[in-house]
Amino acid sequence: MPTGCSTYAGAAFEGRTDSAVHARDLVSEFVAGLRASAAFPVPAEALGAALLVVTELVTNVVKHASGPCVLELELTADALHISVWDTEPALPVMVAPDALRPSRHGLEIVHALSRAVTVEQRAGGKRICASVPLG
């Protein structure tokens, strides 16, 4: 486990169309800080997966929730845990995979890239957590 640097980061976003860009920036800066401060080798594949997971989760907030969201990142010994809270109380529904469907593949992507995905209702909305493995 890295020492001398934070293994947690978080930020709130307005739920605007550029929120996913800012969320990806937070992930990139967080991982860059881990690599620089602790020489912790977050593999490029794990960073790429985390960026895509965050993009899908925050984009879903922009499309389906009417308010802000909170993104939290936490590094453990074997995974980067991504948590997104939003104000929409309705839980997402993952539809059956269909290669011919032009959209609604976000949760499929999140599940494919994550070791575990949980969805829970919270006061004032819901929280989705995904664990992206580091190796």
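Below: a short report on this structure. (Residues numbered from 1 in each chain as written. Predicted model: local features only at pLDDT ≥ 70, side-chain atom pairs only at ≥ 80, totals over all residues. Heavy atoms only, no water.)

Turning next to the overall build of the chain. Looking only at helices and strands, the chain has three helices and five strands in total. When its helices and strands are written in sequence order, the chain yields β-α-α-β-β-α-β-β. Computed over C-alpha atoms, the radius of gyration of the chain comes to 15 Å, within 12% of the 14 Å expected from 2.2 N^0.38 for 135 residues, which places it in the range of a compact globule. Projected onto the principal axes, the alpha-carbon positions of the chain cover approximately 40 × 30 × 25 Å. Each of the 135 residues in the chain was classed as buried or not, and the buried ones make up 38%. Here the analysis covers contacts within the chain between residues at least 6 apart in sequence; of these, 62% occur between residues at least 24 apart. Side chains of the chain carry 10 positive and 14 negative charges; the gap between the two charge centres is 3 Å. (Helix = DSSP H or I, 4+ residues; strand = E, 2+ residues; numbered from the N terminus. Rg over C-alpha atoms; globule rule 2.2 N^0.38 Å. Buried < 20%, exposed > 50% of the residue type's maximum accessible area, 1.4 Å probe, protein only. Contact = heavy atoms within 4.5 Å. Lys, Arg positive; Asp, Glu negative; His and termini not counted. Charge placed at Lys NZ, Arg CZ, Asp CG, Glu CD.)

We now examine the pattern of salt bridges. All told, the structure shown has six salt bridges when counted by the stated rule. The closest approach of N and O atoms between Lys-126 and Asp-86, which form a salt bridge, is 2.9 Å. Taken together, the residues span a long stretch of sequence, with Lys-126 in strand β5 (residues 125-133) and Asp-86 in strand β3 (residues 79-86) at a distance of 40 residues. You can call Lys-126 buried: its relative accessible area is 7%. (Salt bridge = Lys/Arg side-chain N within 4 Å of Asp/Glu carboxyl O.)

As summarised here, the arrangement of the five strands in space is β1-β2-β3-β5-β4, forming an open sheet in which the pairing is antiparallel. Edge positions in the open sheet fall to β1 (8-13) and β4 (116-122), since each of these has one partner strand only. Here the strands of the sheet are splayed against their neighbours by 15° on average, with no regard to which way each runs. Across the sheet, helix α2 (residues 44-64) is in contact with β2 (69-75), β3 and β5; its angle to β3 comes to roughly 10°. (Pairing = 2+ DSSP bridges. Axes fitted to C-alpha atoms, helices over the stretch in contact; angles between N-to-C directions.)

Judged from the seven bridges that link them, β4 and β5 form a sheet pairing that is antiparallel. Note that in β5 the partner of Val-117 across the bridge is Ala-130. Here β4 hands over to β5 after two residues, with Gly-124 in that stretch at a positive phi of 80°.

Core analysis: the biggest nonpolar cluster contains 34 residues, and Leu-71, Leu-73, Ile-82 and Val-84 have the highest contact counts within it. Elements that contribute at least two residues to this core include exactly β1, α1 (19-38), α2, β2, β3 and β5. Here this core gets 10 residues from one element, more than from any other, and that element is α2. Apart from the residues within four sequence positions on either side, Leu-73 is in contact with Thr-7, Tyr-8, Ala-9, Leu-26, Val-27, Phe-30, Leu-80, His-81 and Ile-82. (Core = buried A, V, L, I, M, F, W, Y, C linked by side-chain atoms within 4.5 Å.)

A few words on the packing of α2 against helix α3 (residues 106-113). Relative orientation of the contacting elements α2 and α3 amounts to 150°, with a least axis distance of 9 Å. As far as their axial angle goes, α3 and α2 are roughly antiparallel. Our pair here, α2 against α3, has a crossing hand that is left-handed. Contact residues: Ala-49, Leu-52, Val-53, Glu-56, Leu-57 and Asn-60 in α2; Gly-106, Leu-107, Ile-109, Val-110 and Leu-113 in α3. (Parallel < 35°, antiparallel > 145°, perpendicular 65-115°, else oblique. Left-handed = near helix turned anticlockwise from the far one by under 90°.)

All right, on to the environment of Glu-56 then. Along the chain, the position of Glu-56 falls in helix α2. Each C-alpha atom, one on Glu-56 and one on Val-119, is 14 Å from the other, the two residues being 63 residues apart in sequence.

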